[in-house]
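# Overview (structure and organization)
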Amino acid sequence: MHARANWTSEEAQRRLYKRTLYIVVLSQIFGGAGLAAGVTVGALLAQDMLGTDQLAGVPTALLTLGSACASVLVGRLSQRLGRRAGLTTGFLLGGIGSIGVIFATIWNSVALLFISLFIYGAGTASNLQARYAGTDLAKKTERATAVSVALVATTLGAVAAPNLVGVMGQFAQSVGIPSLAGPFILSAAAFITAGFILFFLLRPDPYMVARSLADNQQQGTADLQHMTDDHRAANKKGIIVGAAVMVLTQMVMVAIMTMTPVHMKHHGHGLHDVGLVISIHIGAMYLPSLLTGMLVDKIGRKAMTFASGITLLAAGLLAALAPADSMFLLIAALALLGLGWNFGLISGTALIVDATQAKTRAKTQGTVDVLVALAGASGGALSGMVMAQSSYAVLSLIGGMLSLILIPVMLWSQRHAKP
């Protein structure tokens, strides 16, 4: 009622759209820091507590599996109560999971570590689903750009956090906590702050306003009540293709990224070097987002999906062939890996938004993000096993080759599309 009464004019909708983006940007700065801090040392923490490389991918698998489950929760809460309720819940759960990891290291409890990493994944789910909040009131020609604004905001926290690994480790030691738990102190504070920002500031809720406006429009336009079979099929195909793009890019990125710190540690690199490589990788994941969003809106989803596949292939080849002692080539490989993921995520997200209606959009987005998170969990879990049985080079080559599947997926969707 409130939304319909106060947000019917285009000028009011544009004001709310811009205000929503500002709030999402602020929350994503903290959300990015919470995400990156844990990702940087998760594999090293497991390696240290378990004493084996073979299970070093388990932390990433658990937090991405937790992200998958939380995506359902966040999506359904957003569908029913709005983005504010869904995203706030996810970020606060992520903060609780971070606190659990800290106590797991203090007590040297592997069981608590695994449970806490699973809960920590809820922060990751909210960090990703926040990108949808900016699209609720965006025009079709600016949806990818709206997604990119949320993602680039994550860069500020995501790039800074890995470089604070050493500082947070020293702080943790100074208060009697194992050094590898230090980054999770930062994660806890960052995720909880992001949740509070959304809870207090994201009013009125952009998704609830968009739903109200869509319902009002349908009541006044008979044509919108009778979607054709062709339109339904095209929407279903758009969801399938968008999901496939995000699933493949997530699996490849997570698999290679997870094992890079372990690979570097084996060849004599310290935490500072690991933090530098991962921070540049995460910067490449998010920093180009504004340009990527504009390109996706201007030259199309298909072209940028092709660019994603080719860039990820280049990343896999370079990571496989780079000498382990070459910081420059490792940085270049991980930067390309992040960039390819960026192309795929923004293209896939735009495809999903294009293919969904306001009434069911949040639920569908949550379901798709479940698949994305499960893909990340699979990549994280399998990466340790592949590396233990073969090498980092083989893992990187497999990831690079898998990314090429993006090209036939897009060609299939275009070949069967109506002109």
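That block above? That's the structure.
Each chain has its residues counted from 1, following the order in which its sequence is written. Owing to the predicted nature of the model, reporting of local features is limited to residues with pLDDT of at least 70; listing and counting of side-chain atom pairs is limited to 80 or more, with chain, interface and lining totals taken over all residues. Values reported for side chains reflect all heavy atoms of the structure, with hydrogen atoms and water molecules removed beforehand.

## Things to note about unusual backbone geometry
Residue P204 follows R203 across a cis peptide bond; omega there is -10°. You can see P204 is positioned in the loop between α8 (182-201) and α9 (206-220). We note that N108 has phi near 55°; this positive angle belongs to a residue other than glycine. Relative to the elements of secondary structure, N108 occurs in the loop between α4 (83-107) and α5 (110-133). We count a stretch as a helix when DSSP gives it H or I for four or more residues in a row; a strand needs E for two or more, and each element gets its number in order from the N terminus.

## Points about a nonpolar patch on the surface
Judged by side-chain polarity, L65, I96, I115, F118, I119, L371 and L374 come together as a nonpolar surface patch covering roughly 560 Å² of accessible area. Taken together, the elements giving at least two residues each to the nonpolar patch come down to α5 and α15 (361-389). Here the element with the most residues in the nonpolar patch is α5; it accounts for three residues. For L371, the location among the structural elements is in helix α15. Residues enter patches when they are more than 30% accessible in relative terms and free of salt bridges; like-charged ones are connected within 9 Å and nonpolar ones (Val, Leu, Ile, Met, Phe, Trp, Tyr) within 5 Å. The accessible surface values rely on the Shrake-Rupley method and a 1.4 Å probe; as for residues, cover is taken only from the protein chains in view. By convention in these notes, a salt bridge is any Lys or Arg side-chain nitrogen within 4 Å of a carboxyl oxygen on Asp or Glu.

## What about helix α16 (residues 392-403)?
By definition here, a helix of n residues has an expected span of 1.5 Å times n minus one. Look at α16: 17 Å from first C-alpha to last across twelve residues, which is about the 16 Å you get at 1.5 Å a residue. Taken together, the buried positions of α16 are Y392, L395, S396, G399, G400 and S403. All buried residues of α16 project into a common sector of 130° when viewed along the axis, lining one side. When accessible area is computed with a 1.4 Å probe and restricted to protein chains, residues below 20% of their type maximum are described as buried, those above 50% as exposed, and intermediate ones as partly exposed. Think of the arc as the fan of directions from the helix axis to the C-beta atoms.

## A word on the pattern of salt bridges
Taken as a whole, this structure holds eight salt bridges when the rule is applied. Across the pair E11 and R15 runs a salt bridge, and its minimum N-O distance is 3.5 Å. Taken together, the residues E11 and R15, both in helix α2 (residues 10-50) and four residues apart, mark about one turn of the helix. As far as burial versus exposure is concerned, E11 and R15 are alike and both exposed.

## Thoughts on the environment of D205
In this structure, D205 sits in the loop between α8 and α9. The sequence separation of D205 and R83 amounts to 122 residues, and the corresponding C-alpha distance is 6.4 Å. Polar contact criterion, stated in full: a pair of N or O atoms within 3.5 Å, where within protein one must be able to donate a hydrogen and the other to accept it, and residues adjacent in sequence count only if both atoms are side-chain atoms. Within polar-contact distance, the side chain of D205 engages the backbone nitrogen of R83 at 2.8 Å. Side-chain polar atoms of D205 contact the backbone nitrogen of Y207, separated by 3.0 Å.

## A closer look at the layout of surface pockets
Buriedness for pockets is judged along seven lines, at least five of which must meet protein on both sides within 12 Å for an open set on the 1 Å grid over protein atoms alone, while cavities are sets there where a 1.4 Å probe fits but cannot get out, and lining residues have an atom within 4 Å of a point. Grid points are joined across faces, edges and corners, and a volume is the space filled by probe spheres set on the points. Taken as a whole, the second largest pocket encloses approximately 160 Å³ of empty space. Taken together, 13 residues line the second largest pocket, and the ones lying closest to its centre are A255, L382, L395, I398 and L402. Contributions of two or more residues to the lining of the second largest pocket are made by α10 (229-266), α15 and α16. Looking at the lining of the second largest pocket element by element, the count peaks at five residues for α15.

## As for the packing of aromatic side chains
Here the distance between the centres and the angle between the planes together describe a pair of aromatic rings. A pair of aromatic rings is counted whenever rings of Phe, Tyr or Trp (Trp by its six-membered ring) have centres within 6.5 Å, and the orientation is called stacked for planes under 30 degrees apart, edge-to-face for over 60 and tilted otherwise. The tally for this structure, following the rule as stated, stands at seven aromatic pairs. Relative to W107, the ring of F103 lies with its centre 5.2 Å away and its plane at 40°, an arrangement referred to as tilted. In this pair, F103 and W107 both sit in helix α4, four residues apart, roughly one turn of the helix. Given a relative accessible area of 58%, W107 falls into the exposed group. On the numbers, 5.5 Å between centres and 70° between planes, the contact of Y120 with F184 is edge-to-face. With Y120 in helix α5 and F184 in helix α8, this residue pair connects regions lying 64 residues apart in the sequence. A relative accessible area of 1% places F184 in the buried class. Linked through ring pairs, F91, Y120, F184 and F191 together constitute an aromatic cluster. Should the NZ of a Lys or the CZ of an Arg lie within 6 Å of a ring centre and within 35 degrees of the ring normal, that charge is described as sitting over the ring. Over the aromatic face of F199 sits the side chain of R84, whose NZ or CZ is 4.4 Å from the ring centroid. Over the face of the ring belonging to F199 we find R203, whose NZ or CZ atom lies 5.7 Å from the ring centre.

## Thoughts on the packing of helix α13 (residues 301-321) against α16
To define axes, lines are fitted to C-alpha atoms, for helices over the stretch in contact only, and angles between the resulting N-to-C directions are given on a 0 to 180 degree scale. Look at α13 against α16: their axes get within 7 Å of each other, and the N-to-C directions meet at 165°. Relative to α16, α13 is oriented roughly antiparallel. Relative to α16, the crossing made by α13 is left-handed. For the pair α13 and α16, contact is made by G309, L312, L313, G316, L317, A319 and A320 and by Y392, A393, S396, L397, G400, M401 and S403, respectively. Grouping the amino acids of the contact of α13 with α16 by side-chain chemistry returns nine nonpolar, five polar and no charged. Orientation is classified from the angle alone, with under 35 degrees giving roughly parallel, over 145 giving roughly antiparallel, 65 to 115 giving roughly perpendicular, and any other angle giving oblique. By the definition used in this description, the sense in which the near helix is turned from the far one sets the handedness, with an anticlockwise turn below a right angle giving left-handed and a clockwise turn giving right-handed. Whether two residues are in contact is decided by their heavy atoms: any pair within 4.5 Å suffices. Ten residues, namely Ala, Val, Leu, Ile, Met, Phe, Trp, Tyr, Cys and Pro, are considered nonpolar, four, namely Asp, Glu, Lys and Arg, are considered charged, and the remaining ones, Gly among them, are considered polar.

Remember, this is a structural readout, not a statement about activity or role.
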